[in-house]
Amino acid sequence: MRREVPGSLSPAGYDRTTMRAAATPPPSDDIEPPRAPLSPLRVAIALITLTVALSGSVVGIRTAVDNSGSVAPPWFAPYVDTTLTPSYAFQDHEMSPSKDVVLAFVVADPAAGCTPSWGGAYSLDQASTALDLDRRISQVRARGADVIVSFGGRRGTELAAACTDVTRLTAAYAQVVSRYSVGTIDLDVEGAALDDTAAVQRRAQALAILQRQVRAAGKPLAIWLTVPVGPAGMNANAAGVVAGLLAGGVDLGGVNLMTMDFGSAGHGAGDLLGTAETALGAAHDQVAAAYAKAGLGLNSKHIWHKLGATVMIGQNDIAAERFSVADAQSLVGFATGRGMARLSAWSINRDVQCGTNFAQIGVLSNTCSGVAQRPLEFSEVFGQLSGDPQAVAGVVTTPDLLAAPTPGVQDDASTAPYPIWQPQGTYRAGYKVVWRGQVYAASWYSQNFAPDTAGQLSSQTPWQLLGPVLPGDRPLVIPTLAPGTYPVWSSTATYAQGTRVLLHGLPYQARYSTTGSAPVADQADPALSAWTPLYQVP
């Protein structure tokens, strides 16, 4: 759950990322579409370099859609570090007053990559005996609550990274879902797992198969993805995991953002809440773009309802960052006001202040929060959320789970805000195009690579999806200069360095002496062009 942060606190005997005690657990015994021709002006525009450069983060273009339709209220379920010593009594209502709980983490058995284990220390059978896990889950359900199982985490190896056979991987996920009869699962993908593109594809294939099988049997299975986030949103690979699951046919219950450990990227010391809210707004736009690319036209309200947030209560790994009870109350208001689906906390094991009579502030521990609070006060505040994950686990985003994305629309040059993508075109970094109702920007040079090529991570495609063509959009018009401002470019004239010319009313300046080289030539490599455009795109 928690991200490695250079310079963060890491007390001796304390596993910072899964929060398991340093004590060695018992050894495992089970080792295992044609369009009208473009005008000359648009051809010129389509071949030149736009001078607006993209930033490294996702451009904040929000989907312009209506917000009609109701959504269910948010639900809260804290994580419990299931294998932490001493064991936390999550089955006891007095120790775990929230209605539901997320059990973390199921990972690959270190000696058998396609075998699920709890924390790499206990097989499912061993967890039943050594941790009384099955019995404790039954007790949770007996009091009207339920459990969600989380796969992955920072320290362990998520099943899709270790198990390279999709059939066996599907069976491994299914084993856990069946044994614990869960209707909601959580995939915590972070660290090196975000960079594993092969695992991203395997995970999507396996989960899509599993979800279809479970639903065909008349049972619900909601699949949540938990990933890191920063103030500018998810990084490219985290956004790629979201896109990969959708492209693979997984009906995501939602995307849960780890709003913690922002460091210098945050608003400043002590403003975890403000940074978290900024991050969630950026992630909203990214998730909207991912769903649009997958052919699922969810409106803004329903995109918010595909989002969750997990905070690290109290002291975070960054010494200056603390999430207070007051922050929790404010986040509840934010989530409720925007119609988010979920809030979670890492972890209920820590929902008590450090120190009995006097709070020990700033302590980073796996068993206390490091801020002043009453016992279980964070759970009490978040527990105001009345939603039920199990009540919405059976909701299907698209009627045919594994249907191909909706065919692209025919783009209209009379309304497209940028040139429409052409296979024969050459596009360099910063160039914006329209394709099938969406606006894309080139991250690097490409040709004959469709912007909506499915199944690609952000790091693998030269195109960044910015968002849809909006109602009221009109073709990009670059102001032209009056005839006579500069000589009209001639293919037979020789131009000295610094000479300025017009072509289709657009100004250019010669970079060096040139004859016969048109200002729109040599687009594959800007360094080869004899001309520099003297205009900018609005």
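Refer to the preceding data block for the structure.
Notes on the structure follow. Just so it is clear, the structure is predicted and the values come from calculations on it, not from any experiment.

### Comments concerning helix α5 (residues 166-180)
- Over its 15 residues, α5 runs 22 Å from end to end, which matches the ideal 21 Å to within 8%, given 1.5 Å per residue.
- The residue sitting at the N-terminus of α5 and contributing the capping side-chain oxygen is D165; that oxygen lies 3.1 Å from the backbone nitrogen of T167.
- Directly beyond the C-terminal end of α5, a positive phi value near 50 degrees is found at S181.

### Considering the sheet that holds strand β15 (residues 432-435)
- Read across the open sheet, the three strands follow the order β15-β16-β18; overall the sheet is antiparallel. Edge positions in the sheet fall to β15 and β18 (463-468), since each of these pairs with one other strand and no more. Strand-to-strand twist of the sheet, defined as the mean angle between neighbouring strand axes without regard to direction, takes the value 30 degrees.
- By the bridge criterion, five bridges tie strand β16 (residues 438-442) to β18 in an arrangement that is antiparallel.

### What to know about the packing of helix α8 (residues 272-293) against helix α10 (residues 325-338)
- Between α8 and α10, the least distance of the axes is 10 Å, while the angle of their chain directions is 25 degrees. Compared by their axis directions, α8 and α10 come out roughly parallel. The way α8 lies across α10 gives a crossing that is right-handed. Between α8, through L273, E277 and L280, and α10, the contact on the second element is made entirely by D327, S330, L331 and F334.
- Across the contact of α8 with α10, the residue classes break down as four nonpolar, one polar and two charged.

### Quick notes on the packing of aromatic side chains
- Within the structure shown, the criterion is met by 10 aromatic pairs.
- With 5.2 Å between their ring centres and 80 degrees between their planes, F151 and Y173 make a pair best called edge-to-face. Residue F151 is located in strand β6 (residues 146-152), and its partner Y173 is located in helix α5; the two are separated by 22 residues in the primary sequence.
- Given the relative accessible area of 0%, F151 is considered buried.
- Looking at Y173, the relative accessible area reads 0%, which means it is buried.
- Relative to W435, the ring of W421 has its centre 5.0 Å away and its plane inclined at 70 degrees; by these criteria the two rings are edge-to-face. Of this pair, W421 sits in the loop between α12 (389-392) and β14 (426-427) while W435 sits in strand β15, and the two are 14 residues apart along the sequence.
- The class of W435 is buried, set by a relative accessible area of 8%.
- The rings of Y79, F105 and W346 are connected pair by pair, giving a single aromatic cluster.
- Above the plane of the ring of W224 lies R342, whose end atom (NZ or CZ) is 5.2 Å from the centre.

Conventions we followed
- Residues numbered from 1 in each chain as written.
- Predicted model: local features only at pLDDT ≥ 70, side-chain atom pairs only at ≥ 80, totals over all residues.
- Heavy atoms only, no water.
- Helix = DSSP H or I, 4+ residues; strand = E, 2+ residues; numbered from the N terminus.
- Expected span 1.5 Å × (residues − 1).
- Polar contact = N/O pair within 3.5 Å; in protein donor to acceptor, adjacent residues only side chain to side chain.
- Pairing = 2+ DSSP bridges.
- Axes fitted to C-alpha atoms, helices over the stretch in contact; angles between N-to-C directions.
- Parallel < 35°, antiparallel > 145°, perpendicular 65-115°, else oblique.
- Left-handed = near helix turned anticlockwise from the far one by under 90°.
- Contact = heavy atoms within 4.5 Å.
- Nonpolar A, V, L, I, M, F, W, Y, C, P; charged D, E, K, R; others polar.
- Phe/Tyr/Trp six-rings, centres within 6.5 Å; stacked < 30°, edge-to-face > 60°.
- Buried < 20%, exposed > 50% of the residue type's maximum accessible area, 1.4 Å probe, protein only.
- Lys NZ or Arg CZ within 6 Å of the ring centre and 35° of its normal.

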